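Residue-level structure breakdown
Residue strings, one per chain:
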Amino acid sequence: QVQLVESGGGLVQPGGSLRLSCAASGSIFSIYTMGWYRQATGKQRELVAGIASGCTENYADSVKGRFAITRDNAKNTMYLQMNSLEPEDTDVYYCKAHLHSNNNGLNNYWGQGNQVTDSA
């Protein structure tokens, strides 16, 4: 079946950088929009950045100018380059893909979550 596997999180010093990856695998016909979300304990999951199949991007105001979302359609992989990290960026980050699988039609799929911690 379809899986989204994230990698790249961890501990970083204030002002540092991290790069998250999200690889989709399985019986995929086509991937449409992809996005990165984050969630702190006790809070709602919020959109950080999204990217359409044509690579149009959108960002939360809090990360504009610091984060960059990209995707490699040939590899079914999405990335989030995070620069100038701040303590407020500490969260669990989730990737999401809106895709058409060969077995289950059109659905949203989520990654397992990846902790990003600013060490301040």
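Conventions and cut-offs
Residues numbered from 1 in each chain as written. Predicted model: local features only at pLDDT ≥ 70, side-chain atom pairs only at ≥ 80, totals over all residues. Heavy atoms only, no water. Helix = DSSP H or I, 4+ residues; strand = E, 2+ residues; numbered from the N terminus. Buried < 20%, exposed > 50% of the residue type's maximum accessible area, 1.4 Å probe, protein only. Contact = heavy atoms within 4.5 Å. Polar contact = N/O pair within 3.5 Å; in protein donor to acceptor, adjacent residues only side chain to side chain. Phe/Tyr/Trp six-rings, centres within 6.5 Å; stacked < 30°, edge-to-face > 60°. Lys NZ or Arg CZ within 6 Å of the ring centre and 35° of its normal. Patch = residues over 30% accessible without salt bridge, like charges linked within 9 Å, V, L, I, M, F, W, Y side chains within 5 Å. Areas by Shrake-Rupley, 256 points an atom, 1.4 Å probe, with all protein chains shown as cover. Salt bridge = Lys/Arg side-chain N within 4 Å of Asp/Glu carboxyl O. Disulfide = S-S within 2.5 Å.

Side note on the environment of Asn 114
For Asn 114, the location among the structural elements is in strand E11 (residues 114-118). Taking relative accessible area as the criterion, Asn 114 reaches 13% and is therefore assigned buried. Setting aside residues up to four positions removed in sequence, Asn 114 forms contacts with Glu 6, Ser 7, Gly 8, Gly 9, Leu 20, Asp 91, Val 92 and Tyr 93. A distance of 3.5 Å separates a polar side-chain atom of Asn 114 from the backbone oxygen of Ser 7.

Side note on the packing of aromatic side chains
Evaluated as defined, the whole model comprises one aromatic pair. Arranged with centres 5.0 Å apart and planes meeting at 65 degrees, the rings of Tyr 37 and Trp 110 form a pair that is edge-to-face. Linking Tyr 37 in strand E4 (residues 28-39) with Trp 110 in strand E10 (residues 105-110), this pair joins segments that are 73 residues apart in sequence. Exposure remark for Tyr 37: the relative accessible area of 18% places this residue in the buried category. One residue, Arg 45, lies across the ring of Trp 110, its end atom 4.6 Å from the ring centre.

Remarks on a nonpolar patch on the surface
There is a patch of nonpolar side chains on the surface, built from Phe 29, Tyr 32 and Leu 106 and spanning about 320 Å² of accessible area. Considering the arrangement of structural elements, one finds Leu 106 in strand E10.

Considering the pattern of salt bridges
Oppositely charged side chains may form a pair once their charged atoms are brought near each other. Taken as a whole and assessed by the stated rule, the structure comprises six salt bridges. When the shortest N-O distance is used, the salt bridge between Arg 66 and Asp 89 registers 2.7 Å. Here Arg 66 is found in the loop between strand E6 (57-59) and strand E7 (67-72), whereas its partner Asp 89 is found in the loop between strand E8 (77-82) and strand E9 (91-101), with 23 residues between them in sequence. Take Asp 89: its relative accessible area is 2%, and that puts it in the buried class. Members of the salt-bridge network, linked through shared partners, are Arg 38, Glu 46, Arg 66, Glu 86, Asp 89 and Asp 91.

A few points about the state of the cysteines
Under the defined criterion, the tally for this structure stands at one disulfide. A disulfide bridge connects Cys 22 with Cys 95, and the sulfur atoms are separated by 2.1 Å. For the disulfide bridge between Cys 22 and Cys 95, the dihedral angle about the S-S bond is near 60 degrees, and by the sign convention the bridge is right-handed. Residue Cys 22 is located in strand E3 (residues 18-25), and its partner Cys 95 is located in strand E9; the two are separated by 73 residues in the primary sequence. Classification of Cys 95 as buried rests on a relative accessible area of 0%. Cys 55 forms no disulfide, and the closest cysteine sulfur to it belongs to Cys 22, at a distance of 15 Å.

By themselves these figures say nothing about function.
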